Each structure stands twice: as structure tokens, then as C-alpha cells.
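Each chain is listed here by its residues.
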Amino acid sequence: MSPIKFEENMKRELEQRTIPVTEGAWEKLQQRLDPEQPKKKGKSIVWVLGIAASLAFVFWLTKGAFEQSDVTPKIVEQPQEQETPSTENDTEVITPKKEEVFVAQDIKQPREEEEAASKIEESKPEAPVLNPQIHRDEVLLATNVEEVTPTENMSFEDQKVQEVVAQIVDLKEQNTTVSDAEIEALLEKAQREIEVKNLLIESSSTSTAGRVNPDMLLYEVEMELDKSFRTKVFEELKIQFNSVRNAVAQRNN
Amino acid sequence: MYKNEAALIKRAMKNNREAQHTLFQMHSPKMLSVCRYYIKDLQHAEEAMLNGFFKVFTKLKSFNHQGSFEGWIRRIMIRESISMLRKLKKVEFPQYEIIVNETYNNINIAINVAQIQQLIDGLSEGYRIVFVMYAIEGYKHHEIAKELGITEGTSKSQLFKARKLLQQQMNELNKEKHVAH
């Protein structure tokens, strides 16, 4: 009993006691506490910077994705030969993307063009976008076409190289065997387009800048074209139209 | 008071210095007294108290509002006081244990706080810590054993010895009083 009572007395007396702290005790404690805060602030700043960097990276990725999606291939309704990338009202130049197949046209002979068009329409009636119609009496003109590829800074020849490669790839993707003849046809076509472009440049003046001299073009065609090659061109036209159609269908999917 | 303290604690958790200063002013005199139970030297006791408050404010988010805030601070102060004594290399506990058959004399004399503190200061650090933790703070032997890293038997024997010494001192005080009168 006594120790308990004695201890209870001690406990009661001691519990009531307080001892005032010395002056400056809080300042000592504060000095110890203050260095703790900058570290936490530093940590929080690091977290904030990390989050900001992550968001910026994600934004950059999405922006790049959007930019790529914005550059959509445009298929010109009127098949035209590749011309200069200059943008006059009456001149259009097709710069197809990888999926596109440039369709070359010999428009000087409307009847044959109709046959080609009808062939195309018959073989692929579901062509979704490409308009295979070839207008009668239409002379191949260089018309303005918006450049839709991101390769604006490339030379025309480089662009044609890319197009030829793209065409060959498309043909392969369609599980068609790419014969040497087809490749040769593509190359010849591309070369012809380059020559046409050169024609434009050579013949350009202030009033006719960007236009093709139809007489000169006709002369060139007549000089180079023979009947067998014409057939090849039409066959190529057919093949390329199919490629374009499939590429468009795949893209839409 | 409770509402004010709860608001202060909440602000102190966000490292609000004013709130922390206010809490310090509210509790530091009591906590210095607690540290003084264990540490004879007042300067060392205050150092232990400041160490304790440093931990209080840096670990304030671990206070889960189970029990009183003062009780939570007090436990931190006790640990810091024991750490201070260990740092000063004054705490030793015997390896052997004494089988205790406690018998007590009925001693009941009126003594003041200063005399109580003097009596406690007369104990060795090991006896003092166990006695204060058991008799003043209300710890159980298994809690004391866990806190100090000793066995329950050691805790009991230390308490027995502390009480025995205190009784002797109390008897001497009692005699002196009777002689004085």
C-alpha cells in the first residue's frame, strides 16, 4: 500500500510541475527545422518539373501524330501529269503520297481515253474516291494541285523516285508480282514526267510560267510514243488505277 | 482548447512555423519537466526536449489522433531522454536478475516536488528510468522491457531496487523531520 501511495503522491506532484525553457530554445529548434523545408521544396520542384516534362513529351508526341494525320493524301479528281509545284490557278501538280499511284494520261486521243476509262470503271466499279473520268478533247495541262506530301523540299526528280518506289511497293502489297516490264514502265513514265516538268521550266515566261506548251508536249509525245508503248501506257494506267483504288480503300479502313 | 489545438496541429503539419511555435509554447514547459525526470542535468534535459520537439514537428503526420496529442509528445520525450542518457553512456542494466519478494513499509510523508526530484536524482540512471517509467508514467514491465531492450525480470528487479533505495531515503527524511520538530 505504502509504495503505491507514496508513488501516487510523487506522480501527482511531478505531474503538476512545469519548467520554463531557456530563451532561445525555440530559435534553436527553428534553425533545425528550417533546413528541412528547402529539401522538401526542392523535392516538390523536382516532382513538378518531372510532371511538366512528361506532359510536354506527351504533347509533343500527340502533336507529331496530329501533324502526320493532317497530311492526308489527296487524290486529284482529274488525273494529271506531274507538273511544277508552283501554284497558279490553272496549273495543278499531283504529288501523291506513298499510297497513291500517279495516273498518267494521254488525253490527246479522247476515244482511247474513254475506252481506258470504261475499262477502269468496269473492272473496279467500287472505286471509292478516284474519279477515272477522262474528259474528251482535254489536253494534258499542268494544273495546280496542292502538294500534299511532306516532301516539299525535295527536288522533283527525288519526288518521282519516291513515287516510283511507292508504286512498286503498292504493287507488291497487292500480292501482285512486279515484273520487270512493269517496273520499266513506271520508270519510263517517271522519266517522261520529269521531261515534261523540264519543258515547263524551259518554256516559262512571265505570262506562261508554270504552263505547258501543248505543242511542244505533243511533239514530244509524238516523237517518243509508238503504238506498242501506248498499249503499255494504257495497261500501266489500268494497273495503277487499281493500286490507287486499293490504297484509298486501305486508308479509309 | 481542443478545437484550437486540432487546428494548430493541422497547420503545423503543413510546416506553418507560427502554429509550431504556438504548440511549442503550449507543451514545452511540461515536456521539459518530463525530460527532467530522467536527466539530472537541466541543460541536457532541455537538449533532449528540443530533440523531441524536432521529431514531433518532422513526424507530425504520423500522429493519427488516437489518444491525446500531449500523450504522443510525451512518449517521444521519454525516448529522447533515454537516448540522451545512452549517448552520455550513463545507462547500464545488470545482466543478472534478482528474485523479488516485495514488502513495503507504510511511509507517508509530505514532501514537495523538489524533494521528490532530489530523491529520484539520488537513484542511478538504470533504477531511475525504470522507476519513473513504471511509477510515474504508468508503463507495464513488458513495455519497459521492450523500450529499454531488457527482460521483464530485469525491469522488475530494477524497480525493486529503486523502491528499496527510495524507502531508505524516505526513512531518513522522516527521521530528520521528527528530529526537527
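Residues numbered from 1 in each chain as written. Chains lettered and ligands numbered in written order. Predicted model: local features only at pLDDT ≥ 70, side-chain atom pairs only at ≥ 80, totals over all residues. Heavy atoms only, no water.

1. A closer look at the overall build of chain B
Item 1. Per the secondary structure count, chain B includes 8 helices and 0 strands.
Item 2. The order of helices and strands in chain B, counted from the N terminus, is α-α-α-α-α-α-α-α.
Item 3. Split into buried and exposed, the 181 residues of chain B put 50% on the buried side.
Item 4. Taking all contacts inside chain B whose residues are at least 6 apart in sequence as the whole, residues at least 24 apart take part in 71%. (Helix = DSSP H or I, 4+ residues; strand = E, 2+ residues; numbered from the N terminus. Buried < 20%, exposed > 50% of the residue type's maximum accessible area, 1.4 Å probe, protein only. Contact = heavy atoms within 4.5 Å.)

2. Considerations on unusual backbone geometry
A negative phi angle characterises most non-glycine residues, just as the trans form characterises most peptide bonds.
Residue and element names in this part refer to chain B.
Item 1. A positive phi is found at N15, a non-glycine position, where the angle reads about 65°.
Item 2. Structurally, N15 can be placed in the loop between α1 (2–13) and α2 (17–38).
Item 3. Phi is positive for H65, which is not a glycine, with a value near 65°.
Item 4. Positionally, H65 belongs in the loop between α3 (42–58) and α4 (69–87).

3. Here's the deal with the packing of aromatic side chains
Item 1. Summed over the entire model, instances satisfying the criterion amount to 9 aromatic pairs over all chains.
Item 2. Seen in terms of ring centroids, F24(B) and F53(B) are 4.9 Å apart; in terms of plane orientation they differ by 70°. Their pairing is edge-to-face. Note that F24(B) is positioned in helix α2 and F53(B) in helix α3, a separation of 29 residues in sequence.
Item 3. Residue classification places F24(B) among the buried positions, given a relative accessible area of 2%.
Item 4. For F53(B), a relative accessible area of 1% translates into the label buried.
Item 5. The ring of F54(B) carries R32(A) above its face, with NZ or CZ at 4.5 Å from the centroid. (Phe/Tyr/Trp six-rings, centres within 6.5 Å; stacked < 30°, edge-to-face > 60°. Lys NZ or Arg CZ within 6 Å of the ring centre and 35° of its normal.)

4. Comments concerning the packing of helix α2 (residues 25–33) of chain A against α2(B)
Item 1. For the pair α2(A) and α2(B), the least separation of the axes is 11 Å and the interaxial angle reads 140°. On the basis of the axis angle, α2(A) is oblique to α2(B). The two elements α2(A) and α2(B) cross, and the hand of that crossing is right-handed. Contact with α2(A), carried on its side by A25(A), W26(A), L29(A), Q30(A) and L33(A), involves R17(B), Q20(B), H21(B) and F24(B) of α2(B) and no other residues of that element.
Item 2. When the residues that make up the contact of α2(A) with α2(B) are grouped by side-chain class, the tally is 5 nonpolar, 3 polar and 1 charged. (Axes fitted to C-alpha atoms, helices over the stretch in contact; angles between N-to-C directions. Parallel < 35°, antiparallel > 145°, perpendicular 65-115°, else oblique. Left-handed = near helix turned anticlockwise from the far one by under 90°. Nonpolar A, V, L, I, M, F, W, Y, C, P; charged D, E, K, R; others polar.)

5. Some points on the confidence of the model for chain B
Item 1. Taken over all residues, the pLDDT of chain B has a mean of 87, while the share at 70 or more is 86%.
Item 2. We note a pTM of 0.50 for the whole complex and an ipTM of 0.88 for its interfaces. (pLDDT = per-residue confidence, 0-100.)

6. Points about the pattern of salt bridges
Residues and elements named next belong to chain B.
Item 1. In the structure shown here, the tally under the stated rule is 10 salt bridges over all chains.
Item 2. In this structure, E47 engages K87 in a salt bridge whose closest nitrogen and oxygen atoms are separated by 3.7 Å. Taken together, the residues E47 in helix α3 and K87 in helix α4 connect sequence positions 40 residues apart.
Item 3. A relative accessible area of 57% means that K87 is categorised as exposed.
Item 4. We note a salt bridge from R79 to E147, for which the minimum N-O separation is 2.8 Å. (Salt bridge = Lys/Arg side-chain N within 4 Å of Asp/Glu carboxyl O.)

7. A short note on a nonpolar patch on the surface
All names here are of chain A.
Item 1. Side chains of F57, V58, W60 and L61 sit close together on the surface and give an oily, nonpolar patch of about 440 Å² of accessible area.
Item 2. Counting through the fold element by element, W60 comes out in helix α3 (residues 36–70).
Item 3. A relative accessible area of 55% means that W60 is categorised as exposed. (Patch = residues over 30% accessible without salt bridge, like charges linked within 9 Å, V, L, I, M, F, W, Y side chains within 5 Å. Areas by Shrake-Rupley, 256 points an atom, 1.4 Å probe, with all protein chains shown as cover.)

8. Comments concerning helix α5 (residues 156–173) of chain A
Item 1. Taking 1.5 Å as the rise per residue, α5(A) with 18 residues should run 26 Å; its terminal C-alpha atoms sit 25 Å apart, in good agreement.
Item 2. Residues F156(A), Q159(A), K160(A), E163(A), V164(A), A166(A), Q167(A), I168(A), D170(A) and L171(A) constitute the buried set of α5(A). (Expected span 1.5 Å × (residues − 1).)

9. Description of the interface of chain B and chain A
Item 1. Contacts between the two partners involve 40 residues from chain B and, on the opposite side, 29 residues from chain A.
Item 2. In total, chain B and chain A occlude about 3300 Å² of area from one another, counting both sides; carbon and sulfur atoms represent 62% of this.
Item 3. Sorting the residues of chain B by area buried against chain A places R17(B), F54(B) and V113(B) first, and these three jointly supply 19% of that buried surface.
Item 4. The tally of links from chain B across to chain A stands at 4 salt bridges.
Item 5. Put simply, R74(B) and E15(A) hold a salt bridge, and the shortest N to O gap is 2.4 Å.
Item 6. At the junction of chain B with chain A, the criterion picks out 11 residue pairs in polar contact (both at pLDDT 80 or more).
Item 7. Counting only elements with at least two residues in the side of chain B that touches chain A, the list comes to α2, α3, α5 (113–121), α6 (125–136) and α8 (152–180) of chain B.
Item 8. At 11 residues, α2(B) tops the list of elements feeding residues into the side of chain B that touches chain A. (Buried area = accessible area lost by both parts, 1.4 Å probe. Polar contact = N/O pair within 3.5 Å; in protein donor to acceptor, adjacent residues only side chain to side chain.)

10. Quick look at the side chain of D121(B)
Residues and elements named next belong to chain B.
Item 1. Locating D121 in the fold gives a position in helix α5.
Item 2. A residue is classified by how much of its surface remains accessible, and D121, at 14% relative accessible area, is buried.
Item 3. At 2.8 Å, the side chain of D121 and the side chain of R36 are in polar contact.
Item 4. Beyond its immediate chain neighbours, meaning those up to four positions away, D121 contacts R36, K40 and R128.

11. Topic: the environment of Y134(B)
All names here are of chain B.
Item 1. Considering the arrangement of structural elements, one finds Y134 in helix α6.
Item 2. With a relative accessible area of 30%, Y134 lands in the partly exposed category.
Item 3. The spacing of Y134 and S155 is 21 residues in sequence and 9.2 Å in space, taken between C-alpha atoms.
Item 4. Every residue in contact with Y134, bar those within four places of it in the chain, is listed here: Y139, H141, I144, L159 and R163.

12. Comments concerning the packing of α2(B) against α3(B)
When two helices pack together, their arrangement is given by the angle between the helix axes and the distance between those axes.
Residues and elements named next belong to chain B.
Item 1. For the pair α2 and α3, interaxial distance at closest approach is 9 Å and the crossing angle is 135°. The orientation of α2 with respect to α3, classified from their angle, is oblique. In the crossing of α2 with α3, the sense of the turn from one axis to the other is right-handed. For the pair α2 and α3, the contacting residues are Q20, L23, F24, H27, S28, M31, L32, C35 and R36 in the first and L42, A45, E46, A48, M49, L50, F53 and F57 in the second.
Item 2. Per-class residue counts for the contact of α2 with α3 are 12 nonpolar, 3 polar and 2 charged.

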